[in-house]
Structures are given as structure tokens and as C-alpha cells.
Amino acid sequence: MSAILDAAIDDLVVVNRPAQIAILERVSGLLASSPAVTNLLVRGSFARGDSDRLSDVDLVIGVHAPTFSEFVGAHHALAATQLGAILPGWSDTIVPSMGGLGYVHLIEHDGKLCQLDLYLAPADRIDHIAAVTRGRAIYTAPYGGDRLHDRAAAAFVADRLAAAPTCEQLFVETLVLTWMIHKRILRGQQLMAYAETHMLHTAVRSLIRTALTPERAQYGWYHLDTEIGRTPIGRWCLAQLDALITSPPVPTMRSLAESLERILALAHRAVPETMAALGPAIDAYRYHLELD
């Protein structure tokens, strides 16, 4: 198994030679040792051969269907203890729906912060995902994985996708999106920076609604002034949101840094328990963001 996996990764290195290859080796080696994992596919820039020093590691993980829900729950702890993730994984709302669940992890590696995108899917979805994403297979379990449709795993995926995000999940989303926008600015990708900035503002709005009026969180941008603005803390949060949405639509490094400070200040007021729980992680995040 190890020789086959190493050969597949070596093939990618010949084409790409990215610095992040060490992350791919570590992650894939760890995952391939799990009896729950049936397949590993590399997708995105690594699979296409056009990665750069800012590229994320984008991996699809096929999971034996009967253990899928357990694996999803355990993978956050695995990322934190074995892969160097500094934050809980963000439930990726950007990745297309392919029958699984996407998560974005920010991990420390060789003194820097890197983005690790994991798409977890029941084994019966792997052939479809490989065709859609043109992913490159780097590992297939000797037994091949169970390709029979599993209703329980499919129902678990549907329930997770339908669940409303918590305040912690929304706050983590703001940090991940800020990191992604930061990379867009460095690359000069103005259109993507614009799109992800709108997503960032929407996540902040959802964080305010979920924290202050959870029963009305699904109302989005409607009636924010009359519902959130009823209390002093609500009016203060809306003032911060107004400052965010009137900042440059295509951010600069300076305006992005200012937006992050507003978001952190807002979170300290609106979700102090979340900020207390994630305190060390936030410090690590800010340290790495400043390094770049």
C-alpha cells in the first residue's frame, strides 16, 4: 500500500513540484492507514498541474459507508491532533454538492499556515466525484470499497447540509474567508476577492442574527434594523456591519485587515463564549496572517 501511494504522489511531484507536497504525503499516509478509508483523490490545482505556493491541498476521501457518520465526526479531532489544524474545520458552502461533505481546515506546516480542503464522501459516490472533478486517484483500498448505495449515509449527508450553522461555525467561516481573500489579493484575483468579500459580509450578518435573534436567523438581510436594532448591542453590531459592507468591494490588504479587526471586535461582543473557547486558535491565526 505504501509503495503504491508513494508512487502516485511522486507522479504528482514530477508534474507540480509544489512546496505543499509534504502536506499531501502526511495527510494521505495517515488517511490510507485507516480501515474506514476506501479511496483518496487529489483534485483542483494539484490534479491539473498548475498549483503555486499559495495553492491549497484539495483531497477527496472515500469512506466505507457504514462508518461514514462516525468518520465525519472524528475527522475534526484527527485534523487538530495529527495534522496541525488550528481551528475547527469550516463546513464548506462553496464546494458543489457531490453526495458528500466538504470541510476547509487551516493547518500549520513548516512554520506557515496552509489550507487543506477535504471532501468526505461515502464510497458509492467516488466514481461520480472522480468523473465530475477529474480527480487523480492516489489510493484505493485493497478491497475496493463498498459501491452499493447506502441510504443511512446519504441521509446523514442531507441532514448535515440542511442543519443551520452555529455561532462557532459562522465565526470560523469568517476567519477562513478572510484567509481566502488574503490569498486572492496576493494573486491579484480581483473578481474572486470581490465574490468572497460578499460571502464574508453575509457570514458576519448571519453571525449577528444567530447570536442575537436565533429564531429569526433564516430571515437573512430582511428587517435587520427593526429586529437587531432593538437593543444597544444590536445597534452596535449593525454599525460594525454597516462599516464592513461600505468598505471597498474589492479589498486591499489594509481594508481587509481593518475588516478583520471589526469582525473580531463584533464577535467579542456578540459571541463572547465562542471567542473565549477559540482564544489560542485566534492568536495563532492572527500570527500567521501577519507573517504573510
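Now for a quick tour of the structure. What you are looking at is a predicted structure, and each value in this text was computed from that prediction instead of being measured.

## Observations regarding the sheet that holds strand S4 (residues 101-109)
- Spatially, the 6 strands line up as an open sheet ordered S3-S4-S5-S2-S1-S6, and their pairing is mixed. One side of each edge strand has no neighbouring strand; the edge strands of this open sheet are strand S3 (90-91) and strand S6 (136-140).
- Note that strand S1 (residues 37-42) and S6 share 4 bridges and pair antiparallel. Bridge pairing links leucine 41 to alanine 137 in S6.

## A short note on the packing of aromatic side chains
- With the rule as written, the count across this model stands at 1 aromatic pair.
- Taking 6.0 Å as the distance between ring centres and 85° as the angle between the ring planes, the aromatic pair formed by phenylalanine 68 and phenylalanine 156 counts as edge-to-face. Linking phenylalanine 68 in helix H4 (residues 68-82) with phenylalanine 156 in helix H6 (residues 151-162), this pair joins segments that are 88 residues apart in sequence.
- Taking the ring centre of tryptophan 236 as reference, the NZ or CZ of arginine 269 above it sits at 4.7 Å.

## Quick look at the pattern of salt bridges
- Applying the stated criterion across every chain, the model contains 6 salt bridges.
- The partner of aspartate 58 in a salt bridge is arginine 43, and the shortest N-O contact between them spans 3.2 Å. Residue aspartate 58 is located in strand S2 (residues 57-63), and its partner arginine 43 is located in the loop between S1 and helix H3 (45-48); the two are separated by 15 residues in the primary sequence. This pair shows no difference in class: aspartate 58 is buried, exactly as arginine 43 is.
- Arginine 254 is paired through a salt bridge with glutamate 258; the nearest N and O atoms lie 3.5 Å apart. Taken together, the residues arginine 254 and glutamate 258, both in helix H11 (residues 253-270) and 4 residues apart, mark about one turn of the helix.
- Judged by its relative accessible area of 66%, arginine 254 falls in the exposed class.

## Remarks on the layout of surface pockets
- Within this model, the largest pocket holds a volume of roughly 700 Å³.
- Lining the largest pocket are 34 residues, and of these Arg43, Gly44, Asp56, Asp58 and Asp117 sit closest to its centre.
- Of the residues in the lining of the largest pocket, the class split is 16 nonpolar, 6 polar and 12 charged.
- In this structure, the second largest pocket spans a volume of roughly 570 Å³.
- Along the wall of the second largest pocket there are 26 residues; nearest its centre are Ser91, Asp92, Tyr103, Arg160 and Gln169.
- Of all elements in the fold, only S3, S4, H6 and helix H7 (167-187) reach the threshold of two or more residues within the lining of the second largest pocket.
- For the lining of the second largest pocket, the leading source of residues is H7, giving 4 residues.
- A breakdown of the residues in the lining of the second largest pocket according to their chemical character gives 13 nonpolar, 9 polar and 4 charged.

What counts, and at which threshold
- Residues numbered from 1 in each chain as written.
- Predicted model: local features only at pLDDT ≥ 70, side-chain atom pairs only at ≥ 80, totals over all residues.
- Heavy atoms only, no water.
- Pairing = 2+ DSSP bridges.
- Helix = DSSP H or I, 4+ residues; strand = E, 2+ residues; numbered from the N terminus.
- Phe/Tyr/Trp six-rings, centres within 6.5 Å; stacked < 30°, edge-to-face > 60°.
- Lys NZ or Arg CZ within 6 Å of the ring centre and 35° of its normal.
- Salt bridge = Lys/Arg side-chain N within 4 Å of Asp/Glu carboxyl O.
- Buried < 20%, exposed > 50% of the residue type's maximum accessible area, 1.4 Å probe, protein only.
- 1 Å grid on protein atoms, 1.4 Å probe; cavity = no way out; pocket = protein on both sides within 12 Å on 5 of 7 lines; lining within 4 Å.
- Points joined across faces, edges and corners; volume = space filled by probe spheres on them.
- Nonpolar A, V, L, I, M, F, W, Y, C, P; charged D, E, K, R; others polar.

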